[in-house]
Structure formats: structure tokens, C-alpha cells
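# Architecture and fold: a report
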There are 2 protein chains.
Amino acid sequence: MVTQRAIPLHRRIRAAIEAKILSGEWPPGTRIPTEAELAATYDCARMTVNKALTDLAADGLIERRRKSGSVVKRPVLQSAVLDIHDLKAEVEAAGFTYRYTIATRKIRQATRADCERLQLAKPVPVLALSCLHLADDRPFCWEDRLISLAAVPQAQDATFIHQSPGAWLIGEVPWSAAEHRISAVSADASLAALELAPGTPCLAIERRTWDAEQPVTHVRLIYPGDAHALVARFAPSKAG
Amino acid sequence: MVTQRAIPLHRRIRAAIEAKILSGEWPPGTRIPTEAELAATYDCARMTVNKALTDLAADGLIERRRKSGSVVKRPVLQSAVLDIHDLKAEVEAAGFTYRYTIATRKIRQATRADCERLQLAKPVPVLALSCLHLADDRPFCWEDRLISLAAVPQAQDATFIHQSPGAWLIGEVPWSAAEHRISAVSADASLAALELAPGTPCLAIERRTWDAEQPVTHVRLIYPGDAHALVARFAPSKAG
DNA sequence: TAGTGGTCTAGACCACGCA
DNA sequence: GCGTGGTCTAGACCACTAG
């Protein structure tokens, strides 16, 4: 047998099994051969087959169980990786000039509403910001943000005049967990800066961020509904 | 050293490195030790370290390059796994009774608009459906769907009286690629079944599905904005 | 050219969970 | 029990690429 070195063996095994699943030859519930059987089929070590199957399981195409073996899972059509791009990158990718202005900036002891927004156990000093993002000087997105000064004390000295809070925070809080909430709202007086007719439907994206279990920030981004949409793709062969 | 068999070694190695990244001890750009160094540190085989690092790379926490080694990546805060649950499961999980009714069902040659919705190269026969999903007999979601009869000819004989098109399709087209688009719209006459005041903001989720490069279906789901939101979580340690 | 990750082997022992 | 996947080893050769 001629070994094709261009594509690793474990990938070829994975692809072969994936093809059988995607084509419907192995419908959901089908029990796939054991690692030992596949190793014999492809004349390779069990570890190599294991890598292929572990990969497929990570991508949700199969489910692995001891003793009973691996079976093809039912598809979860409704799951998708959502990429909410960085505002500046998003605007510039669309070929527009990005601009940003800060509207308000206040430091206060967290109110009860602030505690709920940040999911704080007890009040701490917070920085409340609101900003406007523009594409070609056209209002594009309204941002309403709360930053916990307990988690990010250095925010107290940041002016956010030249850099948006989001971009600044990425540099200060390297990695974190986040929760997103996407909903639809109606434009009202609080969104006057977006220059929309009252009642215009808007997309609202809320993001809560933690660093090591500590609440960091809560942001609410409002986009005019006709000017923005979120797009997500899901392809089994490309998921990873 | 006492081996803790409860947690596999490669997971413990992964967790140790992840902790250094998440804590900020290893900020983005930091070059992490080579596989050989880590294998010596943890007194194990290089393969074990390799599994830990491959894992971290798959989750996007590090980037691996030959010769130059592995480095901590910049975080992508705005990426999240979005789970758009099955409508029936979603309603029942919330403790309501799920009900479904079909409003219209028509077979026609694809119009130009249909071709655009399904991204068809040339017109084929299609099945156009509209349905209402109810939670505790309260209108919950309006569905507007197009199914390509070229891809799913057996849809011609399905009545969709007892089973919603989405549930039926999952059984007929086992696995597929999908594209989602989420936006905000205003309630209008076409959504009369949702019994909303005109202008009520609604969340619109569009999903296009392919099976082996062939367009299968396009669906538009409309939810009242105040009654529904999409939630996604992103936690580096849990991402898979 | 030499350092680094990518892949692969041919074994091994163990834990889980059906029978 | 005992079959299956989960993990791990101690090597090996190769491919890529930065210096």
C-alpha cells in the first residue's frame, strides 16, 4: 500500500467514518466498529484509530461508551459557533471608517441594579460608561458598560477617549469566561444617539465577563436591526 | 509522587497550563515550554504532554508552531458557542406544554425569491410551509419554511400535522451543514398569528441547511422580543 | 541546519458498565 | 466476568520553519 503522507492517517480514518455518517450510510444510532477492528481495517496501531474517534466525539458526531462501543449521535442542527466580532474590526472589514466617542463616564458604588447586571454578591465601586460606535461617521452601535473596579482597579485611571472600553479590557484581562444574551428591543429615548425612529427594532447583545470567578464587566450593545445581523456557520467537517 | 488516578495526567497538565494563562501569569504572546521540557517537568512521556497541548490548541488558548514552539494566543472574547435548542425541547424545558399547528402548505416551482432563500442555482420544486409554535397555548414562535423537493422528495408526502417540519427533517437528513443569521425585526401583518401589537420588536433567526453541498431548507423563526432570548456561554476550561 | 511539533508504533494496565 | 474505551509509555521518523 502506498502511504499518502500529505494527509495524516488519523485524519483519513476520521474522514472515512465522517463520510459514512454524513452520507447517511451510518444513520444515528449505528454502532461503529471497535477501535481494535478499525485498527485491523486500516492496518495501524489502536492509538491512531483512537485519535480519529476522539476527534469525532469532540465534534459531537459520535458518542463513545465503554463496553457498549461508539455509536453515531443524533445531529444537533441548532448548535452553532457564533462569532461576535470586535466592533472596530467588523466595521473596518466592511470597508468603513471606524470612529468611537465616549458619552458618559461615572464612578459610583454599585447600585442594586448594578449588582444584578454584574452579578455581584455585594456592592463594590464600579465604573459606568456609555459610548457610541460609528461607521463612516454614521451611528452604528450604542454601548452601555459597567466595569467592576474591584476586579479592574486600573480602569479608574483610564479615560477611554482614544480606545474603547472593550479594546482596553482585552489588554488588561487576558482570558476570561463570558456569557452572552441576544434579544430584540425597541429603540427608545436612551438610544437617542443612534438617531433612530422610536420603535425601530434593535438587536441587543449583552455580555457578562468573569476573570477567575470574579465579575469583571457587563456590556450591552445595541444595534439598529436593519443595519446589523449575527451570522454563524456550522459544518461538521470543519468544526473543531 | 502519588499518582491521582481520578483525573488523567494529560488533563492535569492541561489544567496547570490553563491556570497560568487564565491567571495572567503567562500573558498572550508568552512562549510556553516545549513538549520535551514539559515531559521532563511532569515526568511523563512526550505523547501525554502532546495531548494536553493539542487540547489547548483546539480550544484556542494557545497556538502551536514548529520550530518556534507554542505561544499563548490573544483571547477572542467575542466568540461563543450558541445553542439554539429544539423548539419543543426548549418549551418543555421551561415547564410549558408544547403545541404546534400548521398554517399553510404549498408546493410550487421555486420563484426567484425562493431561489435566493435556498441559494438555488436554478429553480426546482419546493415545499413552502408556515407554522405556529405554542407554549401553553400561547403563540411563541412563527415559522416560515422552504424545503427543496429536489433534495428531500419525500417531503411531498409529509403532512406535518403531528410533527413539525424541523423535527421531521432531522429524521430525514441525518447530518448537514448550516448557516444561521440572527437579526431584529418589527412585527407586521405577516406575523398576525403571534398576536403582537404592530411594531413589537422580534428576534428573527434564519437557518439555511445543506446536505452534501445541496440546499435542503431555509427557515425563518420569529420570536417576540420580550419573550425570548438566545444565551451562549464561553468558558475556556469547558469549551470543547 | 537544527529545533520543534506531528505523527505513529506496539505494546501495557486500568476503569467502566453491560451481561 | 469481560469487552470496550481511556490512558500512558518509550521509543521512532518525518515535516516544517526560524535563524
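Calculation criteria
- Residues numbered from 1 in each chain as written.
- Chains lettered and ligands numbered in written order.
- Predicted model: local features only at pLDDT ≥ 70, side-chain atom pairs only at ≥ 80, totals over all residues.
- Heavy atoms only, no water.
- Domains from an automatic or database assignment.
- Contact = heavy atoms within 4.5 Å.
- Buried area = accessible area lost by both parts, 1.4 Å probe.
- Salt bridge = Lys/Arg side-chain N within 4 Å of Asp/Glu carboxyl O.
- Polar contact = N/O pair within 3.5 Å; in protein donor to acceptor, adjacent residues only side chain to side chain.
- Helix = DSSP H or I, 4+ residues; strand = E, 2+ residues; numbered from the N terminus.
- Nonpolar A, V, L, I, M, F, W, Y, C, P; charged D, E, K, R; others polar.
- Core = buried A, V, L, I, M, F, W, Y, C linked by side-chain atoms within 4.5 Å.
- Buried < 20%, exposed > 50% of the residue type's maximum accessible area, 1.4 Å probe, protein only.
- Pairing = 2+ DSSP bridges.
- Axes fitted to C-alpha atoms, helices over the stretch in contact; angles between N-to-C directions.
- Near = heavy atom within 4 Å.

The name given to chain A in an unreviewed UniProt entry is Histidine utilization repressor, with the source organism recorded as Tianweitania aestuarii.

## Focus: the domain arrangement of chain A
Once the domains are mapped, chain A shows domain 1 (9-72) and domain 2 (82-232). Using only C-alpha atoms to locate each centre, domain 1 of chain A and domain 2 of chain A end up separated by 43 Å.

## Re the interface of chain A and chain B
Taken residue by residue, the interface counts 55 residues in chain A and 55 residues in chain B. Interface area, chain A with chain B, both sides summed: about 4800 Å², of which 59% is carbon and sulfur. For the interface between chain A and chain B, the tally reads zero salt bridges. Where chain A touches chain B, the interface holds two residue pairs in polar contact (both at pLDDT 80 or more). Those elements that place two or more of their residues in the side of chain A that touches chain B are helix 1 (9-23), helix 3 (46-58), strand 3 (79-83), strand 7 (177-186), strand 8 (201-211) and strand 10 (230-234) of chain A. The dominant element in the side of chain A that touches chain B, judged by the number of residues it contributes, is strand 7 of chain A, at ten residues. In terms of residue class, the side of chain A that touches chain B is made up of 32 nonpolar, 14 polar and nine charged.

## Concerning the nonpolar core
Inside soluble globular proteins, nonpolar side chains tend to come together where they are buried. Ranked by internal contacts, the top residues of the largest apolar core, which has 98 residues, are Ile182 of chain A together with Ile182 of chain B. Sequence-distant contacts of Ile182 of chain A, defined by excluding residues within four places in its chain, comprise Leu82, Leu203, Ala204, Ile205 and Leu230 of chain A together with Ile182, Leu203, Ala229 and Leu230 of chain B.

## Quick notes on the side chain of Arg208 of chain A
All names here are of chain A. The residue Arg208 is located in strand 8 in this model. The class for Arg208 is buried, based on a relative accessible area of 17%. A polar side-chain atom of Arg208 sits 2.7 Å from the main-chain carbonyl oxygen of Arg117.

## Overview of the sheet that holds strand 3 (residues 69-72) of chain B
Residues and elements named next belong to chain B. An order of 1-3-2 is seen for the three strands of this open sheet, with the pairing classed as antiparallel. The two strands at the open ends of the sheet, each matched to only one other strand, are strand 1 (31-32) and strand 2 (62-65). By the bridge criterion, two bridges tie strand 1 to strand 3 in an arrangement that is antiparallel. Following the sheet pairing, Ile32 is matched in strand 3 by Ser70. The sheet strands contacting helix 3 (residues 46-58) are strand 1, strand 2 and strand 3, and the helix crosses strand 2 at an angle near 120°.

## With respect to the pairing of strand 9 (residues 214-224) of chain A
Residue and element names in this part refer to chain A. Extensive coverage of strand 9 is indicated by the burial of nine of its eleven residues. Bridge analysis of strand 8 against strand 9 gives ten bridges, and the strand direction is antiparallel. For Ala204, the partnering residue across the bridge sits in strand 9 and is Ile222. Between strand 8 and strand 9, which follow one another and run antiparallel, lie two residues, and Ala212 among them has a positive phi close to 50°.

## What about the protein's contact with DNA strand D?
In the vicinity of DNA strand D, 25 residues are found, and the nearest of them are Arg46, Arg64 and Arg66 of chain A together with Leu9 and Thr48 of chain B. Near-protein atoms of DNA strand D (within 4 Å) split between backbone and bases, with sugar and phosphate holding 64%. Separating a base oxygen of DNA strand D from a side-chain N or O atom of Arg46 of chain A is a distance of 2.6 Å. With four residues, the single largest contributor to the surface near DNA strand D is helix 3 of chain B. Across the surface near DNA strand D, the residue classes tally to six nonpolar, seven polar and twelve charged.

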